[in-house]
Structures are given as C-alpha cells and as structure tokens.
Amino acid sequence: MLIRRPIDIPASEITPREVYLNRRQLMAGAAGFALAASGLPGKALAAPLTFEKSPLSATDEKLTSLEDVTHYNNYYEFGVDKTAPAAHAHTLKTSPWTVKVDGLVAKPGEFAIDDLVKTSTLEERIYRMRCVEGWSMVIPWIGFPLADLIKRVEPQGSAKYVAFETVYRPPEMVGQQSAFPVLDWPYVEGLRLDEAMHPLAILAVGLYGEALPNQNGAPIRLVVPWKYGFKGIKSITRISFVEKQPETSWSRQAPDEYGFYANVNPNVDHPRWSQKTERRIGEGGLFVKRRPTLPFNGYADQVAQLYSGMDLRKFY
Ligand SMILES: Nc1nc2c(c(=O)[nH]1)N[C@H]1C(S)=C(S)[C@@H](COP(=O)(O)O)O[C@H]1N2
Ligand SMILES: [Mo]
C-alpha cells in the first residue's frame, strides 16, 4: 500500500533509488494525489516534504528497499513480529499531534508537529541503522538536528540528560492492550545532553522523500545512527530535560543485556549472541556473507570523542 510503482514492473527489477526518484516525480506532478489515493488515515504532514541533501550522509552504500524499510520493523506497541507494525500501525492517529517539551528548560512548550516541521530546515540523511538483534539497513531519513530543537528551548545548566516518551494509546496500539505487556508502556528512551546535541542525532519526520509511515514512527522519531536501533524511539509525544540519567525501556526490561548507552560495539557481545557481524536486510541468497559490524556503527570518527576515558564494556 505504501509502495507505489508502475504496476507491471516487478519490485525486484527496480532499485530503491529508481522507486524513490519516480515517487518524487509523481509528487512533483500531482502533489498530494498519491497520498490521498493511498487510503491511509490522515497523515500529520502535508506531502511532499521539501529538504536538502546532507553532507553527513553515508552515501556509498546501497539503500535498503522501501519495501523492506516499511515491512521489516520493530515497534512493539503493534506486536513483536517484524511484519506486525506494517499490518497494525495504521490505527494510530498521527494528526493532530503535539510534542511536549518540559523539564529543565527556559522555554518549555507544546509544539504542533506541522509548526515544528515548517520552522525547521529539513535534510535528507542517509544513515546505516544497526539493530541490536544483528541486522542492519541503510535508510534515507528526512529530518532535522535534535540540537536545533534543544537550542530553541534553552536548557538550564542543571539539565544533563534528555528523556523521550512514545505516545500511550492502547485503543490505537494493539500491542499496548495486552494483559501481559512485553514492555512497560509507554516506551521511553534517553540520551546524555552532549549526545543529544551531536550533529548526527536527528528527529526524523520522513523517509524516502515522504512523511514517515506509521510503522517507522510517524509523525516524529529519534535517529541516533551510532547507537543500536532501539535508541531510536518512535512516535514521540514528550521530550524532557532532566538532571539524572533517565530510565530506558530496554534497560529496565533486561539491564544485563541492554545498557543506557547502547553504542554499536562489535567488541562487547550481547550475553546471548555475538555483536561482531550483521546481516544487511535485502542481501539475500545462500552465500551472502555477514558484514563485520563497525565500532559506533562506522561513525567513530565523528562520535568516539564523546566517550573518551569511559570504559565502554562497563557503560554498554
Ligand atoms: N516506541 C517504540 N520505538 C521503537 C521501538 C519500539 O518497539 N517502540 N523499537 C526500536 C527498535 S528495537 C528498532 S531496531 C527501531 C526500528 O526502527 P524501524 O522499524 O523504523 O527500522 O525502532 C526502535 N524504536
Ligand atoms: Mo532493534
């Protein structure tokens, strides 16, 4: 439903880039038509998104297909299967949507998503994403630096961490309805303030040139490319500035397996599996080798200094 391509051409014959360019041409020719025709519930953001290309992109690697990016997901509010978010996330109403910013800031407030997007400079950032489970993707996100929002609200000197919260709406999120929840809802995440200020950390509002599909965290989610995927909290409703390290969903659930920092690190194994290699989603076939996982997911040059002097085995 989210994939629109000339109907006669099998998906396998179209590269992600071609699909993307076709979609952009389609948008330019008949703005809004494709979205209106898709039958999706009201999207928070008007299409098409206007954005610039970012030099901070990792552009040498092949993009993961739009099909895989939108049909192989982790979003436990909609179920634990990789295909569950694509099947169930349409029930989340992403419009209207506000993000509350509070805590230790001079200018707290509620930001309507449309205003936030209108007043931000959107960029396309092609990032590698490494999931803690051992697979990876390359995704063309559209978003803006988290630092831009942080500067606007003027954190106080006592603010040392940023805490994020996903929406809690059991009627709209089937995974939140269970009597035996997999996670303690709402999903929460956090960053140290200096990590949050790093230019690579973004708030994403789109991918492949369009507003985020619900299963990828519409209307706004975090992307921190040097950390395991679970740090990238989806469908954010609240951002709080705090003094103490906030609790995070996965470290609360299994503290020995998932730490607060969650920097991608091939030298620190998960207690139940190695983190030395990864499977790139879409690289099929019998003889495809797993790729070596890189320290900080390949972004070490840019971010390693954030952790100088820290024992990364202890602060995993
Ligand atoms: N609210 C929320 N955010 C979440 C998750 C989740 O279950 N709930 N899963 C995380 C995990 S484990 C991963 S790997 C990424 C997956 O993002 P994607 O489906 O857009 O690739 O989202 C992260 N953000
Ligand atoms: Mo993940």
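Only a predicted model underlies this, so the values are computations on that prediction, with no experimental measurement involved. For every chain, the first residue of the written sequence is number 1, and numbering continues from 1 along that sequence. All chains are assigned letters beginning at A, and all ligands numbers beginning at 1, according to the order in which they are written. Local features in a predicted model are, by the rule used here, given only for residues with pLDDT of at least 70; side-chain atom pairs are given and counted only at 80 or more, and totals for whole chains, interfaces and linings are based on all residues. For side-chain calculations, the full set of non-hydrogen atoms in the structure is used, while hydrogens and water are omitted.

As for its position among the elements, R130 is in strand β4 (residues 123-130). Categorising residues by exposure relies on relative accessible area from a 1.4 Å probe, with only protein chains included: less than 20% of the type maximum marks a residue as buried, more than 50% marks it as exposed, and the intermediate range marks it as partly exposed. Take R130: its relative accessible area is 0%, and that puts it in the buried class. For the purposes of these results, a polar contact is taken to be a pair of N or O atoms within 3.5 Å, where, inside protein, one atom must be able to donate a hydrogen and its partner to accept one; residues adjacent in sequence count only when each atom of the pair is a side-chain atom. Of the polar contacts made by the side chain of R130, one reaches the backbone oxygen of T277; its length is 3.1 Å. A polar side-chain atom of R130 sits 3.2 Å from a polar atom in the side chain of E278. Between two residues, a contact is recorded if the distance between any of their heavy atoms is within 4.5 Å. When residues no more than four places from it in sequence are discounted, the contact partners of R130 are W135, S136, K227, Y228, G229, V264, Q275, T277, E278, T293 and N297. Helix and strand labels come from DSSP, where a helix needs a run of H or I of at least four residues and a strand needs a run of E of at least two; each type is numbered from the N terminus.

With that settled, the discussion passes to helix α6 (residues 146-153). By the burial criterion, the buried members of α6 are L146, A147, L149, I150 and V153. All buried residues of α6 lie within an arc of 160° about the axis, which places them on one face of the element. E154, located one to two residues past α6, shows a positive phi value of around 55°. What the arc measures is the spread of directions leading from the helix axis to the C-beta atoms.

What follows is about the pairing of strand β8 (residues 202-207). Judged by how many residues are buried, β8 sits mostly within the fold: six of six residues are covered. Note: two strands are recorded as paired if DSSP finds a minimum of 2 bridges between them. Bridge analysis of strand β5 (residues 135-145) against β8 gives five bridges, and the strand direction is antiparallel. Bridge pairing links G143 to A204 in β8. Across three bridges, the pairing between β8 and strand β10 (residues 221-223) is antiparallel. Bridge pairing in β10 places I202 opposite V223. As defined by bridge partners, β8 adjoins strand β9 (residues 210-211) across two bridges and the pair is classed as antiparallel. Residue pairing for β9: G206 is matched across the bridge by A211. Hairpin connection between β8 and β9: a loop of two residues separates the two successive antiparallel strands, and Y208 in this loop has a positive phi of roughly 45°.

The buried fraction of strand β11 (residues 236-242) amounts to five of the seven residues, a majority that puts the element mostly inside the structure. As defined by bridge partners, strand β2 (residues 98-103) adjoins β11 across four bridges and the pair is classed as parallel. By the bridge assignment for β11, D102 is matched with S240. Relative to β11, strand β6 (residues 161-166) runs antiparallel, the two sharing six bridges. Opposite V162, over in β11, you have F241 as the bridge partner.

Next up on the list: the environment of Q176. Of note, Q176 is situated in the loop between β6 and β7 (188-192). Put simply, Q176 and F78 are 98 residues apart on the chain and 7.5 Å apart in space, counted from C-alpha to C-alpha. Setting aside residues no more than four positions away along its own chain, Q176 makes contact with E77, V167, Y168, R169, P170 and W185. At 2.8 Å, the side chain of Q176 forms a polar contact with the backbone nitrogen of R169.

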